[in-house]
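Chains, contacts and geometry: an overview
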Amino acid sequence: MVFNIFDIYVGLLAVICASVGVLITTRLSRPKVGELEDVKDLTLREHEVLELLTQGCSNAEIAEKLFLSLSTVKTHVSSLFVKMSVKNRTQAVEKANRLRLTGQGRLVL
């Protein structure tokens, strides 16, 4: 099999571009220095509630899954908002995903 020098060049260029893309994505997706400090104080229960929030569960569904009262879930959600410096569920989920606080690839705090 004979390779044309152009084919080799294009292949190497593709590998280099893919590597640069992975490097840039990795750098951009890392948490900023102070962001992890905001969420270090989360309790185990708050982590559980946050995990269910990221799965799209309502407060009632969270209460049912964790065997808690609805008011207790609301308290945990409010506490999460304060500790995570967010104003709503959407921001909490976005920040949890960005900081990799839930799901696979979870950071250990």
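Everything numeric in this text was worked out from a predicted model, so none of it was measured. (Residues numbered from 1 in each chain as written. Predicted model: local features only at pLDDT ≥ 70, side-chain atom pairs only at ≥ 80, totals over all residues. Heavy atoms only, no water.)

We now examine the side chain of Glu46. Note that Glu46 resides in helix H3 (residues 44-54). Overall, the relative accessible area of 4% leaves Glu46 in the buried class. Residues in contact with Glu46, not counting those within four places in the same chain, are Asp41, His76, Ser79, Leu80 and Lys83. (Helix = DSSP H or I, 4+ residues; strand = E, 2+ residues; numbered from the N terminus. Buried < 20%, exposed > 50% of the residue type's maximum accessible area, 1.4 Å probe, protein only. Contact = heavy atoms within 4.5 Å.)

So, on to the pattern of salt bridges. One pass over the full model with this rule turns up three salt bridges. Notably, a salt bridge pairs Arg45 with Glu48, separated by 2.9 Å at the nearest N-O pair. Residue Arg45 and its partner Glu48 are located together in helix H3, separated by three residues, close to a single helical turn. Residue Glu48 is classed as partly exposed on the basis of its relative accessible area of 28%. Among the ionic pairs, Arg98 bridges to Glu94, the shortest N-O distance being 2.9 Å. (Salt bridge = Lys/Arg side-chain N within 4 Å of Asp/Glu carboxyl O.)

Running from N to C, H3 and helix H5 (residues 70-84) cross one another at 95°; their axes reach a closest spacing of 10 Å. Regarding the angle of H3 to H5, the classification is roughly perpendicular. Here Arg45, Glu46, Val49, Leu50 and Leu53 of H3 come into contact with H5, specifically with His76, Val77, Ser79, Leu80, Lys83 and Met84. Class assignment of the residues belonging to the contact of H3 with H5 gives a composition of six nonpolar, two polar and three charged. (Axes fitted to C-alpha atoms, helices over the stretch in contact; angles between N-to-C directions. Parallel < 35°, antiparallel > 145°, perpendicular 65-115°, else oblique. Nonpolar A, V, L, I, M, F, W, Y, C, P; charged D, E, K, R; others polar.)

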